[in-house]
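What the coordinates show
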Amino acid sequence: DAKTTQPPSMDCAEGRAANLPCNHSTISGNEYVYWYRQIHSQGPQYIIHGLKNNETNEMASLIITEDRKSSTLILPHATLRDTAVYYCIVNNYGQNFVFGPGTRLSVLP
Amino acid sequence: KAGVTQTPRYLIKTRGQQVTLSCSPISGHRSVSWYQQTPGQGLQFLFEYFSETQRNKGNFPGRFSGRQFSNSRSEMNVSTLELGDSALYLCASSFRLAGLAENEQFFGPGTRLTVL
C-alpha cells in the first residue's frame, strides 16, 4: 500500500497558486518525498523531490514540514495545462514506487 | 537528451495471444522499471531490471516477464493474454537502482494494450 494520503480532487483558479497537500506520517528518516503528475493517458512526469529541506525548481516548490509527516506541492501560477493527477510518493528503501490514487487537480479558467 | 521511448504505442491482441513491449531508457540510465496502469487498480509496479538482472518484482503472475539487454533496453512479455491485461504499460528509467534514496524515475509515454 501507498505510504501517502492525498485529497482525491482539488480545484484551482487559473493564475493562482495551487497547493497540493500530502500526508506521510510513517515516513522514515532516509525516505524521500517525490511528486509526479500525469496528464490524461500520458506517462507520469517527474516534478520535484525532497528529503528534509524545502525545494524549488522551475516547475514547483516542495514544502516539507519539520517533522516530515506531511508536505505540500506548490504550483505558483497554475495554468490550464497543469490540470492533471498529482501523485505524492514516499519511496520505500529497496523497493520501487508505490503509487496511490493521487489528487486530481482541475485548473479552472 | 532524448527521453524514454516505448514501442509500440498502441496494440490490440486477442485472448490467449502473447505480446512483447519494448522500452528504451534515457541514455546512461541502467535501471528500467515496468508498471501497469488500469482504471481499477491504478499504477502498479511489475518489475525492475538493472544491469540485465531482475532486481525487484511486483505481485503479478508468471505470465508477465521481462528482460534487459546489455544496452539497457528492456522488453516485457505477457503470455496467454486475458481481458484483464488491457492496460497502459509504462516503463521508467533511472540512473541508479530504483528504490535507492534520491533516484528519480523518468517515465515513457506508455503502450496502450487492448485485449479482445
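Here, the structure is the one placed above.
Residues numbered from 1 in each chain as written. Chains lettered and ligands numbered in written order. Predicted model: local features only at pLDDT ≥ 70, side-chain atom pairs only at ≥ 80, totals over all residues. Heavy atoms only, no water.

1. Some details on the interface of chain A and chain B
Residue-level contacts link 20 residues of chain A with 22 residues of chain B. Buried area between chain A and chain B, both sides added, is near 1,700 Å², and the carbon and sulfur share of it is 51%. Three residues, Asn96, Phe97 and Phe99 of chain A, lead the burial of chain A against chain B; their summed loss comes to 31% of the area buried on that side. The tally of links between chain A and chain B comes to zero salt bridges. For the pair chain A and chain B, the number of links is three residue pairs in polar contact (both at pLDDT 80 or more). Counting residues per element, the ones that place at least two in the side of chain A that touches chain B are β3 (33-38) and β4 (45-50) of chain A. Of the residues forming the side of chain A that touches chain B, the biggest block, three residues, is contributed by β3 of chain A. Along the lines of polarity and charge, the residues of the side of chain A that touches chain B split into nine nonpolar, eleven polar and no charged. (Contact = heavy atoms within 4.5 Å. Buried area = accessible area lost by both parts, 1.4 Å probe. Salt bridge = Lys/Arg side-chain N within 4 Å of Asp/Glu carboxyl O. Polar contact = N/O pair within 3.5 Å; in protein donor to acceptor, adjacent residues only side chain to side chain. Helix = DSSP H or I, 4+ residues; strand = E, 2+ residues; numbered from the N terminus. Nonpolar A, V, L, I, M, F, W, Y, C, P; charged D, E, K, R; others polar.)

2. Side note on the environment of His40 of chain A
Residues and elements named next belong to chain A. Along the chain, the position of His40 falls in the loop between β3 and β4. Looking at His40, the relative accessible area reads 73%, which means it is exposed. Sequence separation of His40 and Thr72 is 32 residues, and the distance between their C-alpha atoms is 22 Å. A distance of 3.3 Å separates a polar atom in the side chain of His40 from a polar atom in the side chain of Ser41. (Buried < 20%, exposed > 50% of the residue type's maximum accessible area, 1.4 Å probe, protein only.)

3. A word on the layout of surface pockets
As a volume, the largest pocket reaches approximately 570 Å³. Every residue lining the largest pocket is counted, 24 residues in all, and those nearest its centre are Gln38, Val85, Tyr87 and Arg104 of chain A together with Gln37 of chain B. Elements represented by at least two residues in the lining of the largest pocket include exactly β8 (84-90) and β9 (103-108) of chain A together with β4 (31-38) and β5 (42-50) of chain B. For the lining of the largest pocket, the per-class residue count stands at ten nonpolar, twelve polar and two charged. Taken together, 13 residues make up the lining of the second largest pocket; nearest its centre are Val98 of chain A together with Gln44, Phe45, Gly58 and Asn59 of chain B. (1 Å grid on protein atoms, 1.4 Å probe; cavity = no way out; pocket = protein on both sides within 12 Å on 5 of 7 lines; lining within 4 Å. Points joined across faces, edges and corners; volume = space filled by probe spheres on them.)

4. Side note on the packing of aromatic side chains
Summed over all chains, the structure comprises 15 aromatic pairs over all chains. Taking the centre distance of 5.9 Å and the plane angle of 75° together, the rings of Phe99 of chain A and Phe107 of chain B count as edge-to-face. Residue Phe99 of chain A is found in the loop between β8 and β9, and its partner Phe107 of chain B is found in strand β10 (residues 106-107); the two belong to separate chains. The exposure class of Phe99 of chain A is buried, given its relative accessible area of 9%. Summarising the aromatic geometry, the rings of Tyr35 of chain B and Phe107 of chain B are spaced 5.4 Å apart at their centres and angled 45° between planes, so their arrangement reads as tilted. Here the residue Tyr35 of chain B occupies a position in strand β4, and Phe107 of chain B occupies one in strand β10, the gap between them amounting to 72 residues. (Phe/Tyr/Trp six-rings, centres within 6.5 Å; stacked < 30°, edge-to-face > 60°.)

5. Examining the state of the cysteines
Residue and element names in this part refer to chain B. Enumeration according to the criterion identifies two disulfides over all chains in this entry. The partner cysteine of Cys23 in its disulfide is Cys91, sulfur to sulfur 1.8 Å. The chirality of the disulfide connecting Cys23 with Cys91 is right-handed, given an S-S dihedral of about 65°. Placement of Cys23 in strand β3 (residues 19-24) and of Cys91 in strand β9 (residues 87-94) is noted, with a sequence separation of 68 residues between them. (Disulfide = S-S within 2.5 Å.)

6. Comments concerning the side chain of Gln6 of chain B
All names here are of chain B. Assignment of secondary structure puts Gln6 in strand β1 (residues 5-7). There is a polar contact of 3.1 Å between the side chain of Gln6 and the backbone nitrogen of Cys91. Excluding residues within four positions of it along the chain, Gln6 makes contact with Ser22, Cys23, Trp34, Tyr89, Leu90, Cys91, Gly108, Pro109, Gly110 and Thr111.

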